[in-house]
Amino acid sequence: MIELDKVSYGHGGAALFSQLSLTLVPGSFQFLTGPSGAGKTTLLRLCYADLRAQRGKVRLFGQDANTLDRDAVAMSRRRIGVVHQDCQFLDHLSVAENIALPLSVADRAAEASENLKELLAWVGLSKQSAQRPPELSGGERQRAALARAVIMSPDVIIADEPTGNVDWEMSQRLLALLVELNKMGKTVLIATHDLAMIRSLKSDVDARVLRLKDGLLTTAGAVL
Amino acid sequence: MKALLDLIIGDPQADRVVPPTGLTARLTVFVAAVMAFLAVISLALSLSAGRVADRWADELAQAATLRLPAETDQLQKALQILETTPGVASARALTKEEQEALLTPWFGTDLQLENLPIPQLVEVIADDPPYDLAGLEARFAAEIPGAVFDDHGSWRDPLVAAAMRVRLIGAVVILLIFASVGAMITLAAQASLAANVQVIRVLRLVGARDVYIARAFVRRFTLRAGVGAMLGVVSGVIVVQVLPDGGGFFAEIGFAGAGWIWPVIMPLLAAGVAFLATRAAAMARLKEQT
């Protein structure tokens, strides 16, 4: 689905990582861990072609991301649901409109009404659907972002610190939603530095834990 | 064409992805209205000058004047020559009253014109095809010495040329006005795009193609320019229609016949200019902001 092949990336001449390879197999569940500044967010952005690899190849659904034009990137992103750490919304639209935005941009707005109701109920935001994003709490924003990420029924869900701004109980709810999606066949990649959260999911999902540190990506396997 | 149809049909949700900007919207409508108003005035002047030029060219091209010296009695001979010349539709000697009427503005009504050596004038109307001017002039020179045949070309041509030039200037002014509308819309669109970088980023992240993002901006500016131009055109037409009739050229200012098509399509043209300008600005900006 998404494959990074000997990818290098850096800022201002300093390499963040080099020769990094990663393959997201369909239906798999990955945690990406590592200290702050290790490049987790950069790695995720490479996975949804928000950044282009300076060396090596990123393949999105079999296509070389470096050769994709902007429209092709847009089409690929419709198959990737992204949950950002800072949950970027269009603040002048309602929560429901924000969640339905991927359908709208794909000219599938007609499908929104039924899916949207179910989705709002699923993430527990039915009552907040008419509110504006700035009126939501941190947890509600994270759930709205997750709902927006999955409304297109994407093949891959990429979440960057999805539980970073919420309490333990809310983080467990959000993770449960992601596990549920994975059980529906979706590929999930979550960047987090919260090892306790990973441990809490150990019994619920067969997850691969990746660690990014000093430019190297290693697999921690089952041992945490 | 499809882009234009999509634009007209519209997508309410797509329109809403760009937050409303009250001041920019009002300014765009205002500037489009002012530009359209000026364009209507220029258009009215240009079309009127064109009509005047055409009429002068048509009317005066048919008419000529034969001037016989005061002391000659060759009027009958001159009329005979004219009546037998191919290409002359009619020839008529001006009456004494008509000649006096022509001179009154210069000499007043008190002067006894009988005491003055007034040349006799003959009005000549050309046929289609017209007479051979050089041949006729040569014949009068040979048979009636002192007779002057004037086809009005010496003063008609500069007048027609001047009127045509006024029409051309009007057309250039209108083109400049539309170019200004395009430039203004481009600047406003660029400002709007720059102010909505975060919106564009979010749209990109959820899989919006450039054409979708551009459409939201393009539709907005196109409609604003179209509405503004419509207001400006209506105001301009009202002003042109209520202009006081000062006679002469001023009596001609306005729209007539097929000329009415221009104020009708002007809002569409303004909207078309806005469409192209915003689309170009949006696509350039989206290309930069990858």
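Because the structure is a prediction, the values reported are computed rather than measured.

### Looking at the overall build of chain A
Piece 1. Across its full length, chain A holds 8 helices and 10 strands.
Piece 2. In terms of overall size, chain A behaves like a compact globule, its C-alpha atoms giving a radius of gyration of 17 Å where 224 residues would be expected to give roughly 17 Å.
Piece 3. Counting only C-alpha atoms, chain A reaches 45 × 40 × 30 Å along its principal axes.
Piece 4. When burial is assessed residue by residue, chain A has 42% of its 224 residues classed as buried.
Piece 5. Within chain A, residue pairs in contact and separated by at least 24 positions form 68% of the contacts whose partners lie at least 6 positions apart.

### Comments concerning the domain arrangement of chain A
Many analyses report the size of an interface as the accessible area lost when the parts associate.
Residue and element names in this part refer to chain A.
Piece 1. In terms of domains, chain A is made up of domain 1 (1-79 + 154-224) and domain 2 (88-153).
Piece 2. Relative placement of domain 1 and domain 2: their C-alpha centres are 23 Å apart.
Piece 3. The interface is formed by 10 residues belonging to domain 1 together with 12 residues belonging to domain 2.
Piece 4. Residues that form the side of domain 1 that touches domain 2 fall into these classes: 8 nonpolar, 1 polar and 1 charged.

### Here's the deal with helix H9 (residues 210-241) of chain B
Piece 1. In this model H9(B) runs 45 Å from its N-terminal to its C-terminal C-alpha over 32 residues, within 8% of the 46 Å that 1.5 Å per residue would give.
Piece 2. Of all 32 residues making up H9(B), 23 are buried, and the element is well covered by its neighbours.

### Observations concerning the packing of helix H3 (residues 22-62) of chain B against helix H7 (residues 153-195) of chain B
Residues and elements named next belong to chain B.
Piece 1. Contact geometry for H3 and H7: axes closest at 8 Å, N-to-C directions at 165°. Regarding the angle of H3 to H7, the classification is roughly antiparallel. As H3 packs across H7, the resulting crossing turns out to be left-handed.
Piece 2. Tallied by class, the residues present in the contact of H3 with H7 amount to 27 nonpolar, 8 polar and 2 charged.

### Structural notes on the UniProt feature "transmembrane region" (unreviewed entry) in chain B
Residue and element names in this part refer to chain B.
Piece 1. Look at the UniProt record and you will see "transmembrane region" (unreviewed entry) annotated at residues 27-47, 168-193, 225-243 and 255-277.
Piece 2. Measuring from the first to the last C-alpha atom of residues 27-47 gives 30 Å, for a span that is 100% helix and 0% strand.
Piece 3. Between the C-alpha atoms that bound residues 225-243 there is a distance of 27 Å. The span itself is 89% helix and 0% strand.

### Topic: the sheet that holds strand S3 (residues 29-33) of chain A
Residue and element names in this part refer to chain A.
Piece 1. Across the sheet, 6 strands lie side by side as S6-S7-S8-S3-S9-S10; this open sheet has mixed pairing. Across the chains shown, the open sheet's two edge strands, defined by having one partner strand only, are strand S6 (80-83) and strand S10 (216-219). Each adjacent strand pair in this sheet contributes to an overall mean axis angle of 15°, direction not counted.
Piece 2. In this structure, S6 lies alongside strand S7 (residues 156-160), joined through 4 bridges in parallel fashion. If you follow Gly 81 over to S7, its bridge partner there is Ile 157.
Piece 3. Against the sheet, helix H1 (residues 40-47) makes contact with S3, S7, strand S8 (187-191) and strand S9 (208-213), and its axis sits at roughly 155° relative to S8, the strand it touches most.

### Some remarks on the domain arrangement of chain B
Piece 1. Taken domain by domain, chain B comprises domain 1 (2-57 + 157-288) and domain 2 (70-146).
Piece 2. Computed from C-alpha atoms alone, the centre-to-centre distance between domain 1 of chain B and domain 2 of chain B is 54 Å.

Conventions adopted
- Residues numbered from 1 in each chain as written.
- Chains lettered and ligands numbered in written order.
- Predicted model: local features only at pLDDT ≥ 70, side-chain atom pairs only at ≥ 80, totals over all residues.
- Helix = DSSP H or I, 4+ residues; strand = E, 2+ residues; numbered from the N terminus.
- Rg over C-alpha atoms; globule rule 2.2 N^0.38 Å.
- Buried ≥ 20, exposed ≤ 12 C-beta atoms within 10 Å, placed from the backbone.
- Contact = placed C-beta atoms within 7 Å.
- Domains from an automatic or database assignment.
- Nonpolar A, V, L, I, M, F, W, Y, C, P; charged D, E, K, R; others polar.
- Expected span 1.5 Å × (residues − 1).
- Axes fitted to C-alpha atoms, helices over the stretch in contact; angles between N-to-C directions.
- Parallel < 35°, antiparallel > 145°, perpendicular 65-115°, else oblique.
- Left-handed = near helix turned anticlockwise from the far one by under 90°.
- UniProt positions renumbered as here; feature names shortened; annotations may be inferred.
- Pairing = 2+ DSSP bridges.

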